[in-house]
Amino acid sequence: MTPEELQRIAEAERARQQAFRYRVKVCEGAGCLSRGVTALKAVFQTVARSQPAIEVTGAGCMGPCSEGPLVRIEPDGALYRCRSARDVHDIALTHLREDRPATHLALDPAGPFFAAQQPVVLASCGRIDPERIEEAIAAGAYRALLRAVTEMTPAQVIEQVRQSGLRGRGGAGYPTGLKWATVAKAPGERKYVVCNADEGDPGAFMDRTVLEGDPHRVLEGMAIGAYAVGASQGYVYVRGEYPLAIRRLQIAIRQAEALRLLGARIADSGFSFRVDLRIGAGAYVCGEETALLASIEGRRGQPRPRPPYPAESGLWGAPTLINNVETFAAIPAIVARGGAWYAAMGTERSRGTKVFSLAGTVRRTGVVEVPMGMPLRRIVEEIGGGPPPGRTVKAVQTGGPGGGCVPAALLDVPVDYEALTALGSMMGSGGMIVLDDRTCLVDVTRYFMRFCMDESCGKCIPCRAGTVQLYDLLTRIAEGQGTPEDLDRLEALADLVRHASLCGLGQNAPNPLLATLRHFRDEYLAHVVEHRCPAGVCPMQPAAEVRP
Ligand SMILES: Cc1cc2nc3c(=O)[nH]c(=O)nc-3n(C[C@H](O)[C@H](O)[C@H](O)COP(=O)(O)O)c2cc1C
Ligand code: SF4
């Protein structure tokens, strides 16, 4: 496939699309599917049978999941809530037949949910049918790959990634250009590229959204990475709990291979790249890079000490480039538009945009992409619409089980790696859970500690035994049997687990605890001094049963 042939496919697809007066895109993201969108799509298809100028296809997530099921009508770009067969008929009668908007069902594409966003990674998500490569190509897919392969040297590609300032979106925020340069430099004939699609943080669904909505963007980013570092084999390690993402990746790989955008001698060059899927079996720790590599090799998914880092010694001892889904998905736009373009967005040390999944007690939940540095308050109050009526925000949990809680009073913090860390929280992979005034922070902390305890792989004692001890202490406090001394015990043990654990799971497990002790100490004190749960959540024992 040459760039000219790719261009011809894009033009043919655009011409095909223009033959339709309307194209109805039905959101088939996991959220809308769970709300019965398949039946509604069938009703649209029945309508379309009597109106041949209308095409009905699926699309990935359109963003505001809580408003779903959603449909988009192209070429107008109108977005509708569509919750019943009656809504389908309203949209069909007004928009499709009478060419006027079905105002009562419309979402404003310039409204607060969308206005503050800057889609780069999500640019095509919800706009293309993820199961048709021609639509992705018409939207620009694989142009950057072919350009890289035909016009750029690997070093030039890496230089653009370095200039972009992109940092890994999987959690640790390591500079992507630096990682690519290390793998490129590492000696070895055989190298690998691995996409980490294990996404195990509770409340996080960004990677799933990208994989389901625009799998070609991820594959293209991986292929560009492979070209840059000199690899010819790639793996996507995707969690088994994401069957739709797996299916769409399988379809996308097959289609890209059929057009020779993946496989042997891409763009008639000497560069070949093959991608295979590996399905995870649901262990959170398998998202940790060394455990993930062990799992791909067919061994038990347990972390090992680093160094050596995968960049030097990864899969079967060969240099391996491992990046997160969103990291790879940012690459095509960086190569197409230049590293400087990407670096112009965001803050000094956190460049570009970041995808967040917004969940919890907030009016509009879903997936959003904003420039780094946007105040957390804007994301929660403007994009998310704030808490439901009668409720107030108490805190926002960011960064998953290794993250922390930002209290409502500090919501003006800009979302960048350093600012969140300074508050004792973390960007992590981008999960955000809004907690309202009915939440008990001791209870939430206990939940995350339980998660880490259950998911600890058991290889090292500080994590294996420490998370159990921390969980037991938190349980005692939540049951009204804690003492003020328990808070000191918690802190001392948290410090030990943090510093003595082998991998990020144990090292970060105490973070939610330390963050809530810092920002919500009065809640802990109410539990251990007054044996009272201010939010009324914890199952406190009657005072008589409290230990002396
Ligand atoms: C317990 C644990 C779980 C992790 N889970 C994920 C994950 O699901 N997805 C991911 O991309 N990175 C995850 N990471 C981070 C990876 O180890 C690694 O840093 C990342 O894949 C590198 O890609 P990036 O540089 O693009 O962020 C996890 C780390 C730890 C310690
Ligand atoms: S820190 Fe926990 S998850 Fe990581 S290796 Fe040790 S026991 Fe396993």
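Residues numbered from 1 in each chain as written. Chains lettered and ligands numbered in written order. Predicted model: local features only at pLDDT ≥ 70, side-chain atom pairs only at ≥ 80, totals over all residues. Heavy atoms only, no water.

Let's shift gears to the sheet that holds strand β9 (residues 320–324). Strand order in this open sheet of four strands is β8-β7-β6-β9, and the pairing throughout is parallel. Two strands close off the open sheet at either side, each with one partner strand: β8 (274–280) and β9. If you compare each strand with its neighbour and ignore which way they point, the axes differ by 20° on average. Looking at chain direction, strand β6 (residues 192–197) and β9 are connected through five bridges and run parallel. Along β9, the bridge assignment pairs V193 with L321. Here helix α11 (residues 215–229) sits on the sheet in contact with β6, β7 (233–239), β8 and β9, set at roughly 150° to β6. (Pairing = 2+ DSSP bridges. Helix = DSSP H or I, 4+ residues; strand = E, 2+ residues; numbered from the N terminus. Axes fitted to C-alpha atoms, helices over the stretch in contact; angles between N-to-C directions. Contact = heavy atoms within 4.5 Å.)

C457, K459, C460, C463 and C503 are the nearest of the 13 residues found near ligand 2. Taking a 2 Å distance to the grid points as the criterion, the majority of the atoms of ligand 2 fall inside the largest cavity. Broken down by class, the residue content of the shell around ligand 2 amounts to eight nonpolar, four polar and one charged. (Near = heavy atom within 4 Å. 1 Å grid on protein atoms, 1.4 Å probe; cavity = no way out; pocket = protein on both sides within 12 Å on 5 of 7 lines; lining within 4 Å. Sits in = over half its atoms within 2 Å of the grid points. Nonpolar A, V, L, I, M, F, W, Y, C, P; charged D, E, K, R; others polar.)

The next subject is the packing of aromatic side chains. Aromatic ring pairs are reported here in terms of the distance separating the ring centres and the angle at which the planes meet. According to the stated counting rule, one finds nine aromatic pairs in the structure shown. On the basis of an interplanar angle of 55° and a centroid distance of 6.2 Å, the ring pair of W341 and Y342 is categorised as tilted. Given a relative accessible area of 24%, W341 falls into the partly exposed group. Overall, Y342 belongs to the buried group, its relative accessible area being 1%. A connected cluster of aromatic rings, assembled from ring pairs, spans Y192, Y235 and W316. Stacked on the ring of Y242, the Lys or Arg R208 has its end atom at 5.9 Å from the ring centre. (Phe/Tyr/Trp six-rings, centres within 6.5 Å; stacked < 30°, edge-to-face > 60°. Buried < 20%, exposed > 50% of the residue type's maximum accessible area, 1.4 Å probe, protein only. Lys NZ or Arg CZ within 6 Å of the ring centre and 35° of its normal.)

Bridge count between strand β3 (residues 70–74) and strand β4 (residues 78–81): four bridges; the pairing is antiparallel. Looking across to β4, one finds that L70 is bridged to R81. Between β3 and β4, which follow one another and run antiparallel, lie three residues, and G77 among them has a positive phi close to 80°. In this sheet, strand β5 (residues 106–107) lies alongside β4 in antiparallel orientation, the contact comprising two bridges. Bridging from a neighbouring strand, L79 pairs with L107 of β5.

All right, on to the pairing of strand β12 (residues 393–398) then. β12 sits mainly inside the fold: six of its six residues count as buried. Where β12 meets strand β14 (residues 431–436), five bridges bridge the pair, whose relative direction is antiparallel. Counted as the bridge partner of Q397 is I433 from β14. Sheet analysis places β12 next to strand β13 (residues 404–407), joined by four bridges and oriented antiparallel. For T398, the partnering residue across the bridge sits in β13 and is G404. Linking β12 back to β13 in an antiparallel pair, the connection comprises five residues, with G399 at a positive phi of about 85°.

Of all residues adjacent to ligand 1, which total 18 residues, the nearest are G170, K179, N323, N324 and T327. With respect to ligand 1, the backbone of G170 contributes an N or O atom lying 2.7 Å from an oxygen atom. Between ligand 1 and N323, the relevant distance is 2.8 Å, taken from an oxygen atom to a side-chain nitrogen or oxygen of the residue. For ligand 1, whose accessible area on its own is 610 Å², the fraction buried by protein is 90%. Here ligand 1 occupies the largest pocket. Taken together, the elements giving at least two residues each to the shell around ligand 1 come down to β9 and α21 (504–508). It is β9 that contributes the most residues to the shell around ligand 1, three residues altogether. (Polar contact = N/O pair within 3.5 Å; in protein donor to acceptor, adjacent residues only side chain to side chain. Areas by Shrake-Rupley, 256 points an atom, 1.4 Å probe, with all protein chains shown as cover.)

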